[in-house]
Amino acid sequence: MDVSKTKSSFYRRLYVAYLIDSGVASNIPTLTEVTGMPRRTAQDTVAALADLDIVCEFEQQEGARNHAGHYRIRDWGAIDRRWIEGNLQRIKAVLEYP
């Protein structure tokens, strides 16, 4: 499937936000495990959610060290989470994720 870098980047951000919000993968190690993307790509994608006005915050696990915790979506901005749910299979196919 021939997909532009812009579209794949947009879909990747939507998918990562969806995984965080649904609790399927709310930290970098589980994001890499679920999607197969490299760690650096997962980190960059989470950081880039702000470009879509998706507010994603890291919550440090109480008493833990070394950034142990999870991400939480606080606000979806102009993105409709229901659209992502309805198009999840297409998004995963475009990204070639399991």
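Rules used throughout
- Residue positions are given per chain, counted from 1 along the sequence in the order it is written.
- Reporting of local features is limited, given that this is a predicted model, to residues whose pLDDT is at least 70; pairs of side-chain atoms are given and counted only at 80 or more, and all residues count toward the totals for whole chains, interfaces and linings.
- Excluding hydrogens and water, the side-chain values take into account all heavy atoms of the structure.
- Secondary structure counts use DSSP, requiring at least four H or I residues in a row for a helix and at least two E residues in a row for a strand, with both numbered from the N terminus.
- Buried residues are those whose accessible area, probed at 1.4 Å on protein chains only, stays under 20% of the maximum for their type, while exposed residues exceed 50% and partly exposed ones sit between those limits.
- Here, two residues are considered to be in contact whenever any of their heavy atoms come within 4.5 Å of each other.
- Note on areas: Shrake-Rupley with a 1.4 Å probe; residue coverage comes only from the protein chains shown.
- The convention is simple: Lys and Arg are positive, Asp and Glu are negative, and His and the chain ends are not counted.
- Each charge is placed at NZ for Lys, CZ for Arg, CG for Asp and CD for Glu.
- To obtain each axis, a line is fitted to C-alpha atoms, and for helices this fit is confined to the stretch in contact; angles are then taken between N-to-C directions over 0 to 180 degrees.
- Any angle that falls under 35 degrees is termed roughly parallel, while one over 145 is termed roughly antiparallel, one within 65 to 115 roughly perpendicular, and all others oblique.
- Two helices that cross are described as forming a left-handed crossing if the nearer one is turned anticlockwise from the farther one by less than a right angle, and a right-handed crossing if clockwise.
- When residues are grouped by polarity, Ala, Val, Leu, Ile, Met, Phe, Trp, Tyr, Cys and Pro land in nonpolar, Asp, Glu, Lys and Arg in charged, and all others, Gly among them, in polar.

The protein chain carries the name Winged helix-turn-helix domain-containing protein in an unreviewed UniProt entry, which gives Pseudomonas hefeiensis as its organism.

Structural notes on the overall build of the protein chain
Scanning the protein chain for helices and strands turns up five helices and two strands. Reading the protein chain from its N terminus to its C terminus gives the helix and strand order α-α-α-β-β-α-α. Taken across its 98 residues, the protein chain has 38% of its residues classed as buried. The contacts of the protein chain with a sequence gap of at least 6 include a subset with a gap of at least 24, amounting to 51%. About 6100 Å² of surface is accessible on the protein chain, with carbon and sulfur atoms providing 45% of the total. Within the protein chain, one finds 13 positive and 13 negative side-chain charges whose respective centroids are separated by 4 Å.

Notes on the environment of Val34
Looking at where Val34 falls in the secondary structure, it is placed in helix 2 (residues 28-35). With a relative accessible area of 24%, Val34 lands in the partly exposed category. For Val34, the residues in contact, after removing those within four places along its chain, are Tyr15, Leu19, Val24, Ala25 and Pro98.

Concerning the packing of helix 1 (residues 5-22) against helix 5 (residues 88-95)
At a minimum axis distance of 10 Å, the contact between helix 1 and helix 5 shows a crossing angle of 125 degrees. One element, helix 1, and the other, helix 5, form an angle in the oblique class. The crossing of helix 1 and helix 5 is left-handed. Note on element contacts: helix 5 touches helix 1 through Leu88, Arg90, Ile91, Lys92, Val94 and Leu95, opposite Ser8, Tyr11, Arg12, Tyr15 and Tyr18. Per-class residue counts for the contact of helix 1 with helix 5 are seven nonpolar, one polar and three charged.

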